[in-house]
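One-letter residues, chain by chain:
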Amino acid sequence: MTQYAWAVIGAGPAGIAAVGRLLDHGIAGQDIAWIDPEFAAGDIGGKWRAVPGNTHVALFLDYLNASPSFRFAEAPPFELNELDPQQTCPLGVVADPLVWISQQLGERVRPLRTTATDLALSNGQWSVRTEQGEIRSKNVILAVGSVPKKLNYPGLVEIPLEAALDPRRLDGPALDGATVAVFGSSHSAMVALPNLLSTAARKVVNFYQSPLRYAVRFEDWTLFDDTGLKGQAAAWARTNIDGEQPARLERCRVNSPEFQERLQECDHVVYTVGFERRQLPLTPQWGPLQYDTANGILAPGLFGVGIAFPEYRIHPLESGQYRVGLHKFMQRLNDVLPLWLHYGAGHSNPAPELGTLDRCAAPAFAS
């Protein structure tokens, strides 16, 4: 059975960052197993390329330049480099350099093109069972990503979220004369609504719970940074939701008396009600594991990062939020990876002095 010091499960933005930072911290490439079925920038590369992002180009570039092991300075020219740093962009523009970095990292570590199915701790090491066999590793980082949440309203034809967020996938006669229900008022909802209104659907009904929330950028922080609307979605919402609604768009609170009647008018549905962690590899010893939101630890030698295991932070002028975004995943690793290096399952490293638990050098990020 092949032995490793570290195994990283997932090759989306968080998994890419984890591999890069492990190399930055001096972990030898042959000691890192990287497990993913595709190595194509995760869901950003596979599902969300057409989605307008809500992050400024400058922060994407911060992420790409944060790890020396990414070698992004050596990359061929990408469209992202030519854009206004203070504007947003489609996620496909970010996916292209992520795929390039994955290819570079894959040549220096041990990529395993498969899916992890089981985790078990024994004799101070983790056994990681995959569809192609089993490996052992002293430490495991889970960067498994997330999937869209769904509600259960039977009798409606569901339009997958990835289709609703891509105008090209909504082309055709399937929605001619349809009445489409859209649940939610998130960034995804404000992208799906104009896409659906551009089809031949008769009407679109947006079911919501509360007023829209907008992110507001200040000099050194952003109000509602992780929960508020930004970019193209925010601009559309201000004009068409909190402004004058388009003729074929209606809105209805889910707790209003007319909810059931309005829902019965619909024949199709899109759920834009958030995301939930993708199913984890099973850990039969403990069952479902909870992670520490302050440091990403699930168990000795087992850690989580990315949208599946986001940091929770409270700003003095707002309630707590889970921090999600490429540059935030990198910030998170800068903070916690030095700790993870001393929290393995099968070896007792001497605890570092408080003042020596420093980050690996990396550029500073804006909020």
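Computed from a prediction, not measured in an experiment: that's the story for all the values here. (Residues numbered from 1 in each chain as written. Predicted model: local features only at pLDDT ≥ 70, side-chain atom pairs only at ≥ 80, totals over all residues. Heavy atoms only, no water.)

Trainee: Can you walk me through the overall build of the protein chain in this structure?
Mentor: In terms of regular secondary structure, the protein chain is built from 9 helices and 19 strands. When the backbone C-alpha atoms are referred to their principal axes, the protein chain occupies close to 65 × 45 × 40 Å. In the protein chain, buried positions account for 52% of the 367 residues. For the protein chain, the accessible area works out to roughly 17000 Å², and carbon and sulfur atoms hold 50% of it. (Helix = DSSP H or I, 4+ residues; strand = E, 2+ residues; numbered from the N terminus. Buried < 20%, exposed > 50% of the residue type's maximum accessible area, 1.4 Å probe, protein only. Areas by Shrake-Rupley, 256 points an atom, 1.4 Å probe, with all protein chains shown as cover.)

Trainee: I tried to follow the pattern of salt bridges on my own but got confused; where do I start?
Mentor: Any two side chains of opposite charge can pair if their charged atoms end up close together. The final tally for this structure, using the stated rule, is 15 salt bridges. Here arginine 313 makes a salt bridge to glutamate 311, at a shortest N to O gap of 2.9 Å. For arginine 313, a relative accessible area of 40% translates into the label partly exposed. For glutamate 311, a relative accessible area of 11% translates into the label buried. (Salt bridge = Lys/Arg side-chain N within 4 Å of Asp/Glu carboxyl O.)

Trainee: Where do I start with the sheet that holds strand 13 (residues 249-253) in this structure?
Mentor: Strand pairing in a sheet relies on backbone hydrogen bonds, with the paired strands running either antiparallel or parallel. On the basis of which strands lie adjacent, the open sheet formed by 5 strands has the order 8-14-9-10-13 and parallel pairing. Edge positions in the sheet fall to strand 8 (157-158) and strand 13, since each of these pairs with one other strand and no more. Contacts between helix 6 (residues 187-197) and the sheet are confined to strand 9 (179-183), strand 10 (203-208), strand 13 and strand 14 (268-271), with strand 10 contributing the most and set at about 165 degrees to the helix. (Pairing = 2+ DSSP bridges. Contact = heavy atoms within 4.5 Å. Axes fitted to C-alpha atoms, helices over the stretch in contact; angles between N-to-C directions.)

Trainee: Could you clarify how one ought to interpret the pairing of strand 5 (residues 125-130) in this entry?
Mentor: Within strand 5, 5 of the 6 residues are buried, leaving the element largely enclosed by the surrounding structure. In the sheet, strand 4 (residues 116-122) pairs with strand 5 via 6 bridges, with the strands oriented antiparallel. Note on strand 5: the bridge partner recorded for leucine 119 is valine 128. Hairpin connection of strand 4 to strand 5: 2 residues between the antiparallel strands, including asparagine 123 at a positive phi of 50 degrees. Where strand 5 folds back onto strand 6 (residues 133-142) in an antiparallel hairpin, the turn is made up of 2 residues.

Trainee: What is the right way to look at the UniProt feature "domain: FAD/NAD(P)-binding" (unreviewed entry) in the protein chain in this model?
Mentor: As annotated by UniProt and renumbered to match this structure, "domain: FAD/NAD(P)-binding" (unreviewed entry) occupies residues 6-187. Across residues 6-187 one finds 26% helix and 24% strand; the C-alpha atoms that close the span lie 35 Å apart. (UniProt positions renumbered as here; feature names shortened; annotations may be inferred.)

Trainee: Please clarify how the environment of methionine 190 should be interpreted in this entry.
Mentor: Its place among the elements puts methionine 190 in helix 6. Not counting residues within four places of it along the chain, the set of residues in contact with methionine 190 comprises Ser185, Asn206, Leu212, Leu229, Ala233, Trp236, Ala237 and Ile241.

Trainee: Mind showing me how you'd approach helix 4 (residues 91-106) here?
Mentor: Note that an α-helix has 3.6 residues per turn; residues three or four places apart therefore point the same way. With 16 residues, helix 4 should reach 22 Å at 1.5 Å per residue; the first-to-last C-alpha distance of 22 Å fits that figure. Burial runs high along helix 4: 13 of the 16 residues are buried. (Expected span 1.5 Å × (residues − 1).)

Trainee: Sorry, what's going on with the domain arrangement of the protein chain here?
Mentor: By a widely used convention, the size of an interface equals the accessible area lost when the partners come together. Domain parsing of the protein chain yields domain 1 (3-147 + 275-342) and domain 2 (150-271). Taken over C-alpha atoms, the centre of domain 1 sits 30 Å from the centre of domain 2. Contacts between domain 1 and domain 2 engage 19 residues on the former and 19 residues on the latter. Around 1600 Å² of area is buried between domain 1 and domain 2 when both sides are counted, 56% of it from carbon and sulfur atoms. Where domain 1 touches domain 2, the interface holds 2 salt bridges. (Domains from an automatic or database assignment. Buried area = accessible area lost by both parts, 1.4 Å probe.)

Trainee: Please explain the pairing of strand 14 as it appears in this structure.
Mentor: Consecutive side chains of a regular strand alternate in pointing toward one face of the sheet and then the other. Of the two faces of strand 14, the one lined by His268 and Val270 and the one lined by Val269 and Tyr271 are each fully buried. In the sheet, strand 8 pairs with strand 14 via 2 bridges, with the strands oriented parallel. Bridge assignment links glutamate 158 to a residue of strand 14, and that residue is valine 269. Here strand 9 pairs with strand 14 via 4 bridges, running parallel. Directly across from phenylalanine 183, in strand 14, lies its bridge partner tyrosine 271.

Trainee: Would you explain the side chain of serine 256 in this entry?
Mentor: Within the element layout of this structure, serine 256 appears in the loop between strand 13 and helix 8 (259-264). Residue classification places serine 256 among the buried positions, given a relative accessible area of 8%. Within the structure, the side chain of serine 256 is placed 2.7 Å from the backbone oxygen of arginine 253, a separation counted as a polar contact. (Polar contact = N/O pair within 3.5 Å; in protein donor to acceptor, adjacent residues only side chain to side chain.)

Trainee: Even after reading the chapter, I still don't get the environment of arginine 136, so can you show me in this structure?
Mentor: By secondary structure assignment, the location of arginine 136 is in strand 6. Spatially, the C-alpha atoms of arginine 136 and alanine 33 are 9.5 Å apart, while their sequence positions differ by 103 residues. Reaching out from arginine 136, the side chain makes a polar contact with the backbone oxygen of serine 122 at a distance of 2.6 Å. A distance of 3.2 Å separates a polar atom in the side chain of arginine 136 from a polar atom in the side chain of glutamine 125.

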